[in-house]
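Commentary on secondary and tertiary structure
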Amino acid sequence: MPSRRLTYMFVLTGPLAALLAGCSNGTAGTTTPPTSAPATSSGSTSAPGTTGSTTAPAGGAIPPVTDASAVRDQLLQIAKGYHYTKVTKDTGLVSAWQQAFPNMKVTLFYDQPATADTFSLAQSYTFPSGASDDHAYDSILGFAVMDQKGACAGGVVVIPEKGPGEASDALPSVFAPVDMSNASKCSAEVAQDTYGKS
């Protein structure tokens with residue numbers, strides 16, 4: 001069966017253009033995210049497109065990540081509370097994550113591994129490689145977080161398939177952690193494919 005690793009086409013504007021233009025720190029494969037608005041005294045910032053506020057780490061203590069699972073859970077909470085539209089369902093969410101964690105870098109490509117100071121993020125939804133029939137046409141935006149101890153935690157934002165062999169153009173409705181304990185690499189790509197095989 002031919003590979004269905006199909007990447008959605010998207011317009012390179014707004015947050016993604018700013019993200020790609022931020023390649024100024026000299027680290028190959030990573031970008032420095034745009035600086036967010038200063039946090040309020042409670043430590044929360046409001047990201048564009050969100051319906052509420054997202055809580056940033058107190059005092060901007062991250063990086064480095066000290067608990068990958070806790071940060072992964074925070075990213076999933078931001079994804080659940082994000083106000084999705086057809087235009088902002090991918091790059092807008094990535095921007096909201098970056099605003100919640102302004103000192104973290106992000107990988108340029110989703111197959112690059114996370115580190116204690118860099119999130120591995122997908123920039124658009126793709127079909128998982130080697131997926132089970134239940135997830136073969138799910139559109140998945142994955143991410144991975146690694147902490148200082150080398151523990152990896154992954155998560156996915158999913159637009160479930162419309163039916164067997166048919167992708168959906170709906171908005172994301174599944175926000176799930178991914179077991180990365182047997183992952184060969186701590187990357188968004190591996191998180192997506194692991195979810196797809198479940």
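Residues numbered from 1 in each chain as written. Predicted model: local features only at pLDDT ≥ 70, side-chain atom pairs only at ≥ 80, totals over all residues. Heavy atoms only, no water.

1. Considerations on the overall build of the chain
Secondary structure summary: the chain contains four helices and eight strands in total. The secondary structure elements of the chain, listed N-terminal to C-terminal, are α-β-β-β-α-α-β-β-β-β-β-α. The buried share of the chain, taken over its 198 residues, is 48%. For the chain, the proportion of contacts with a sequence separation of at least 24, taken over those separated by at least 6, is 62%. (Helix = DSSP H or I, 4+ residues; strand = E, 2+ residues; numbered from the N terminus. Buried < 20%, exposed > 50% of the residue type's maximum accessible area, 1.4 Å probe, protein only. Contact = heavy atoms within 4.5 Å.)

2. Let's talk about the state of the cysteines
For the structure on display, the rule yields one disulfide. The partner cysteine of Cys152 in its disulfide is Cys186, sulfur to sulfur 2.1 Å. With the S-S bond torsion at 85°, the cross-link from Cys152 to Cys186 turns out right-handed. With a gap of 34 residues between them, Cys152 in strand β7 (residues 152–159) and Cys186 in the loop between β8 (174–178) and α4 (188–196) connect regions that are remote in the sequence. (Disulfide = S-S within 2.5 Å.)

3. What about the packing of aromatic side chains?
This model, assessed by the stated rule, comprises four aromatic pairs. Both rings, one in Tyr82 and one in Tyr84, keep their centres 4.9 Å apart while their planes meet at 75°; by these two values the pair is edge-to-face. By relative accessible area, which is 10% here, Tyr84 ends up buried. Chaining the aromatic ring pairs together yields one cluster made of Tyr82, Tyr84 and Phe175. (Phe/Tyr/Trp six-rings, centres within 6.5 Å; stacked < 30°, edge-to-face > 60°.)

4. Some words on the side chain of Asp147
Note on placement: Asp147 falls in the loop between β6 (139–146) and β7. Put simply, Asp147 is tucked away with no salt bridge, and the nearest opposite charge, on Lys149, sits 4.5 Å away. A distance of 3.0 Å separates a polar atom in the side chain of Asp147 from the backbone nitrogen of Lys149. (Lys, Arg positive; Asp, Glu negative; His and termini not counted. Salt bridge = Lys/Arg side-chain N within 4 Å of Asp/Glu carboxyl O. Polar contact = N/O pair within 3.5 Å; in protein donor to acceptor, adjacent residues only side chain to side chain.)

5. Quick notes on the pattern of salt bridges
Under the counting rule described, the total for this entry stands at two salt bridges. For Arg72, the salt bridge identified is with Asp73, shortest N-O distance 2.8 Å. For Arg72, a relative accessible area of 11% corresponds to the buried category. Notably, a salt bridge pairs Lys105 with Asp117, separated by 3.1 Å at the nearest N-O pair. Placement of the pair is Lys105 in strand β4 (residues 105–107) and Asp117 in the loop between β4 and β5 (118–121), with a sequence separation of 12 residues. Relative accessible area serves as the criterion here: at 16%, Lys105 is assigned to the buried category.

6. Considerations on the nonpolar core
Counting 31 residues, the largest nonpolar core has Trp97, Phe101, Phe119 and Val157 as its most contacted members. At the level of elements, α2 (68–81), α3 (91–100), β5, β6 and β7 are the ones that each hand at least two residues to this core. For this core, the element with the highest residue contribution is α2, accounting for six residues. Counting residues in each nonpolar core, the second largest holds 12 residues, with Ala144, Ala176, Val178 and Ala191 among its members. (Core = buried A, V, L, I, M, F, W, Y, C linked by side-chain atoms within 4.5 Å.)

Function cannot be inferred from these measures alone, as they are strictly geometric.
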